[in-house]
Amino acid sequence: MEQLFLLLPLLPILVALINQLFAKQLGRSVAKISVRASFVSFIIAVILLGDQLAGSPVTNVHLGNGIGILLSDPLSCLMAVLITGISLIVRIYSVKYMAEEDGYGRFFILLDLMVAALLLMGSAGDLLTMVVSWHLVGVVLYFLIGFNLRSALSSRHAFWTLITYRIGDLAMMLAAGILFHTFGTWSLSEIFAEIRSAPGVHKYGGFTVEEITGALVAVAAFARSAQFLLHTWLPYTMGGPTPVSALMHVGIVNAGGFLINRFAPIFAQTEAALHVIFFVGLITAIIGSVLMLTQNDIKKALGYSTMGQMGFMVMECGVGAFSLAIYHLIAHGFFKGTLFLSAGSAISKARKHDGVPKQDLYTFAVERKTAVRRQPWLVMALITIAVPIAIIFIAHWLVAKDFYQKQGAIILLFFGWVTGAQLLFTTYRMNTQNFPRMIGTILVSFTVLIAGYTLIGHAFDHFLYPDEVFRKQIYSTATIDVFWFDLVLILTTLVIVAGWIFTYYSEQNRLRDNKERCNNLWLSFYALISREFYLMDIYSWMARSLLQLAARINVLLRWR
Amino acid sequence: MDSKILAAALFLPLFPLSMLFSFLFEGLRKSLPRIIVLMAWPQIGLWLLQETNSCPPAWVIHLALATSLFYGFRALVLRELTHWVSFLAISSWTILWLVAGSIDQAQTLQLLALGLSLPLVLLTLLGSQLEKQFGASYAGLYNGLGHAMPRFSGVFVFTILAIVATPVFPGFTAMTAAFFEATHGSLISSILLCLIWLTWGWAGARLIQGFIIGKEDHEEIEDISRGTAWLYALILTALAAFGIHTLTLLS
């Protein structure tokens, strides 16, 4: 099994090398070789995952002569299946999609290199391998996004990605430096064992080593997963080839969640890092979702949707639900990859015919035609508030009876409840022939989703973190003072319910008196979000100012 | 200050002595003397540093980091290749002041310095190729070399990656060693190193954009020969292999 594990990152490197060396002789066959090798990689990854599911122990696989260590554990095998699986689909898709592009061979070589870097990152068992692979992912992505060498715009977006990723790389490098300086070893297993045996003993710059390295790893994760203030690269990278956009959602943009999981033993010993992670994730989830709603470009909207999803994934880590974040990144990788790969044909078909059935949902959501006869508001209010919460509580209670003792679980339940209630709230005025059927369908779908999410999340928890004491430790690290927790939860609930009441009231009365004032307010807000909070403008201005300063200094010193 | 350290400050150029190196290097018109300077200059500096038999004072290390950042930052707006090579040489060689503290073996250190110089030598050669072809090696003067000269562009991109300390080239090892040395000291040194690396990446990406990206606006251009491309590729592969080897020495 160790040889198979080594073969996993080596195979794509070998294929890239062969394709480069014999590019002229192979011609378009580079794609076939790449696809076949990718299939073999996927089979190997599945075998390795099966081995882990069968209960194989965690193993350190040495690359030889002290070059590096690969860690064969449930997390690395799960990531390997995800990466090889989706990259196989992406490569099959690219065979025809990229057929008319210049640099067909170069594209497949870059894809192979990217997959190799991702597999190396997913299985890195020492700090050096982690830093090298983390860094290389950013470099290869730069060339994939800027694949079209004639497009200055693609190149500009690739550059923004590179610089943002470099910020994360440097944070990662600093964390590695501090860990090596403290523990005198590169091996992650040895570092984690030392942290478990003597937590909080070592200090660096006035902080515990766990706290400072936790914060630095979090910054690396934020840059990779497009968290707020480091997110501007993501929506713009959609200008690259569509298969690259799809691949980005496999192990690149969601690598932040993976990284936090990989360094879980460090985060379990921190005090504030997980709370900061939760806060950043929450802000990103909200802002990403709001920005997504204002986009008229399908790929950019998908980009902002990813930002929102990544915010939610990071937030899950912040509440201690580490394994749930891994499930989230896998599920998101699959559904967003599918959306990207079908975006091109959807646009092409929509040019001829939009294909949207003129049904109840269309007249309600697009044409904004609401039902004339409305349901009794009290019944609807009760369904809206009570039913989702009942479904969520029952689903969780079935898998873990003590779930309500974990604040993280309560927060996620709260989000589930808000989502379910919002869905019902939005549809209560929908014009439909059979209202009970519609509500029933929504509730069944909601139940299936919640039950599925809960059960799979629970299974992931036991697979990735079999040690129950450690699982509890992560949740307890993410816990805050009960008084403040309850207060924030109650206040947030009140704000959301007040928002629903306000929306209901304003829809009923159409805000006759304040229409103009509200319109102005709304337009200002819309302008702000349509300009993406002016962040890109601010960053561009800062970059231009720095370049002007460098030029002035050069002139002053006569270019010496 | 020790006279040997002062002399070393000229060869592992610290500001303002770095201006002397820049003046000398850019004054050289031919490739060969430039290559000799690039290869020999940091070796002399390291030899002088080892002759002192003592660690340089902390302020010298700080000045070295500040010089590196200063030249890395100024390189952001450079378009002329010789200027760029000169500034990046200063910026990367000054890192050796810090690396010298973490690598005890003189031979390894000298090989690492050679690993930093070699990509700069390759870029100098590539620049002379451009000068022969176009009369100047200036970013933005002729766009779209990516399509017009694919072999040249491939080598050019990998050379830039080697210079800006991309894994697994020796520059990356030097930077990693510098990071580990910096984490022993102050947080400020670590932050300065982060900024230096950021400016290198930024400067490198701007140079790639200036030469490789864009629509080709020239007619027939002669690319470098297949044999020459292979030679460059072999040197770069050897550099990468050497980088991996030095990384294992760190561990």
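Bear in mind the structure is a predicted one, so any value in this text is a computation, not a measurement.

K.L.:
What am I meant to see in the overall build of chain A here?
P.N.:
When its secondary structure is counted, chain A shows 24 helices and four strands. Taken over the C-alpha trace, chain A has a radius of gyration of 25 Å; the compact-globule value for 560 residues is 24 Å, and the two agree within 12%. For chain A, the C-alpha atoms occupy an extent of roughly 75 × 60 × 55 Å along the three principal directions. The buried share among the 560 residues of chain A stands at 44%. Pairs at least 24 apart in sequence give 79% of the contacts found in chain A among residues at least 6 apart.

K.L.:
For this particular structure, what's the right way to read the overall build of chain B?
P.N.:
What chain B contains, in helices and strands, is 12 helices and zero strands. Along chain B, helices (α) and strands (β) appear in the sequence α-α-α-α-α-α-α-α-α-α-α-α when read from the amino end. Compactness check: chain B gives a C-alpha radius of gyration of 18 Å against a globular reference of 18 Å for 251 residues, within 12% of the reference. Overall, chain B is about 60 × 35 × 30 Å in size when its C-alpha atoms are taken along their principal axes. At a minimum sequence separation of 6, the contacts of chain B that also span at least 24 residues come to 81%.

K.L.:
Teacher, can you tell me more about the interface of chain A and chain B here?
P.N.:
Bring the parts together and some accessible area is lost; that lost area is often taken as the interface size. Contacts between the two partners involve 34 residues from chain A and, on the opposite side, 36 residues from chain B. Among the elements of the structure, α6 (127–145), α7 (152–183) and α24 (535–556) of chain A are those that each provide at least two residues to the side of chain A that touches chain B. When residues of the side of chain A that touches chain B are assigned to their parent elements, the largest contribution, 13 residues, is made by α7(A). Grouping the amino acids of the side of chain A that touches chain B by side-chain chemistry returns 22 nonpolar, eight polar and four charged.

K.L.:
What is the right way to look at the environment of Leu535(A) in this model?
P.N.:
Residue and element names in this part refer to chain A. Relative to the assigned elements, Leu535 resides in helix α24. Taking the C-beta count within 10 Å as the criterion, Leu535 has 14 such neighbours and is therefore assigned partly exposed. As a C-alpha pair, Leu535 and Thr232 span 303 residues in sequence and 7.5 Å in three-dimensional space.

K.L.:
Can you walk me through the environment of Ser187(A) in this structure?
P.N.:
Residues and elements named next belong to chain A. Tracing the backbone shows Ser187 in the loop between α7 and α8 (188–197). Counting along the chain gives 61 residues from Ser187 to Asp126, while the straight-line C-alpha distance between them is 4.3 Å. Excluding residues within four positions of it along the chain, Ser187 makes contact with Ile69, Gly125 and Asp126.

K.L.:
Looking at this model, I keep getting lost on the packing of helix α3 (residues 31–51) of chain B against helix α7 (residues 106–134) of chain B. Mind explaining?
P.N.:
Residues and elements named next belong to chain B. Taken N-terminus to C-terminus, the directions of α3 and α7 make an angle of 160 degrees; their axes are 9 Å apart at the nearest point. As summarised for this structure, α3 and α7 are arranged roughly antiparallel, according to the angle between their axes. Crossing hand, α3 versus α7: right-handed. Between α3 and α7, the residues in contact are Ser31, Arg34, Ile35, Leu38, Met39, Pro42, Gln43, Leu46 and Gln50 and Ala106, Leu109, Gln110, Ala113, Leu116, Ser117, Leu120, Val121, Thr124, Leu125 and Ser128, respectively. Residue composition of the contact of α3 with α7, by class: 12 nonpolar, seven polar and one charged.

K.L.:
I tried to follow α3(B) on my own but got confused; where do I start?
P.N.:
Each α-helix turn comprises 3.6 residues. Residues three or four places apart therefore point the same way. Residues and elements named next belong to chain B. Under the 1.5 Å per step criterion, the end-to-end length of α3 is 31 Å for 21 residues, consistent within 8% with the ideal 30 Å. A maximum bend of about 25 degrees is found in α3 at Ala40, where proline Pro42 lies one to four positions downstream. Residues Arg34, Leu38, Trp41, Pro42, Gly45, Leu46, Leu48 and Leu49 constitute the buried set of α3. In this structure, the buried residues of α3 make contact with α1 (3–11), α2 (18–27), α5 (81–93), α6 (95–99) and α7. Directly beyond the C-terminal end of α3, a positive phi value near 55 degrees is found at Asn53.

K.L.:
For this particular structure, what's the right way to read the packing of α5(B) against α7(B)?
P.N.:
In a packed pair of helices, the relevant descriptors are the angle between the two axes and the axis-to-axis distance. All names here are of chain B. It is the contact of α5 with α7, at a shortest axis distance of 10 Å, that shows an interaxial angle of 180 degrees. It follows that α5 is roughly antiparallel to α7 by the angle criterion. Listed contacts from α7 to Leu81, Thr82, Val85, Leu88, Ala89, Ser92 and Trp93 of α5 are Leu116, Leu120, Leu123, Thr124 and Gly127. Among the residues forming the contact of α5 with α7, the class breakdown is eight nonpolar, four polar and no charged.

K.L.:
Can you walk me through the pairing of strand β1 (residues 59–62) of chain A in this structure?
P.N.:
Remark: a regular strand shows side chains that alternate across the two faces of the sheet. Residue and element names in this part refer to chain A. When β1 meets strand β2 (residues 69–72), the two strands line up antiparallel, connected through four bridges. Along β2, the bridge assignment pairs Asn60 with Leu71. The loop that links β1 with its antiparallel partner β2 comprises six residues; one of these, Gly64, has a positive phi angle of about 105 degrees.

K.L.:
Quick question: what am I supposed to make of the nonpolar core here?
P.N.:
A general feature of soluble globular proteins is that nonpolar side chains tend to end up buried together. If you look at the biggest cluster of nonpolar residues, it comprises 242 residues, and the most contacted ones within it are Met114(A), Ala117(A), Val140(A), Val217(A), Val99(B) and Ala178(B). Other than its neighbours up to four places away in sequence, Ala178(B) contacts Ile95(B), Leu98(B), Val99(B) and Leu193(B).

K.L.:
I'm lost on the confidence of the model for chain B in this one. Help?
P.N.:
Close inspection of predicted coordinates is inappropriate in any region flagged by low pLDDT. All names here are of chain B. Considering every residue of chain B, the mean pLDDT works out to 91; 98% of them sit at 70 or more. Taking the mean pLDDT of every element in chain B, the minimum, 89, falls on helix α10 (residues 170–184) and the maximum, 97, on α5. Scored by ipTM, the complex comes to 0.95, with pTM at 0.92.

K.L.:
What should I look at first to understand unusual backbone geometry in this one?
P.N.:
Backbone geometry follows two general trends: most residues other than glycine have a negative phi, and most peptide bonds adopt the trans configuration. Residues Phe15(B) and Pro16(B) are joined by a peptide bond in cis, for which omega reads 10 degrees. As for its placement among the helices and strands, Pro16(B) is situated in the loop between α1 and α2. In this structure, the amide linkage connecting Pro167(B) to the following residue, Val168(B), adopts the cis form with an omega of 5 degrees. Inspection of the secondary structure assignment puts Val168(B) in the loop between α9 (150–163) and α10. In this model, Leu229(A) sits at a positive phi of 85 degrees, which is unusual for a non-glycine residue. With respect to the secondary-structure elements, Leu229(A) resides in the loop between α9 (209–224) and α10 (233–236).

What counts, and where the lines are drawn
Residues numbered from 1 in each chain as written. Chains lettered and ligands numbered in written order. Predicted model: local features only at pLDDT ≥ 70, side-chain atom pairs only at ≥ 80, totals over all residues. Helix = DSSP H or I, 4+ residues; strand = E, 2+ residues; numbered from the N terminus. Rg over C-alpha atoms; globule rule 2.2 N^0.38 Å. Buried ≥ 20, exposed ≤ 12 C-beta atoms within 10 Å, placed from the backbone. Contact = placed C-beta atoms within 7 Å. Nonpolar A, V, L, I, M, F, W, Y, C, P; charged D, E, K, R; others polar. Axes fitted to C-alpha atoms, helices over the stretch in contact; angles between N-to-C directions. Parallel < 35°, antiparallel > 145°, perpendicular 65-115°, else oblique. Left-handed = near helix turned anticlockwise from the far one by under 90°. Expected span 1.5 Å × (residues − 1). Bend = angle between axes of the 7 residues up to and from the residue. Pairing = 2+ DSSP bridges. Core = buried A, V, L, I, M, F, W, Y, C linked by C-beta atoms within 7 Å. pLDDT = per-residue confidence, 0-100.

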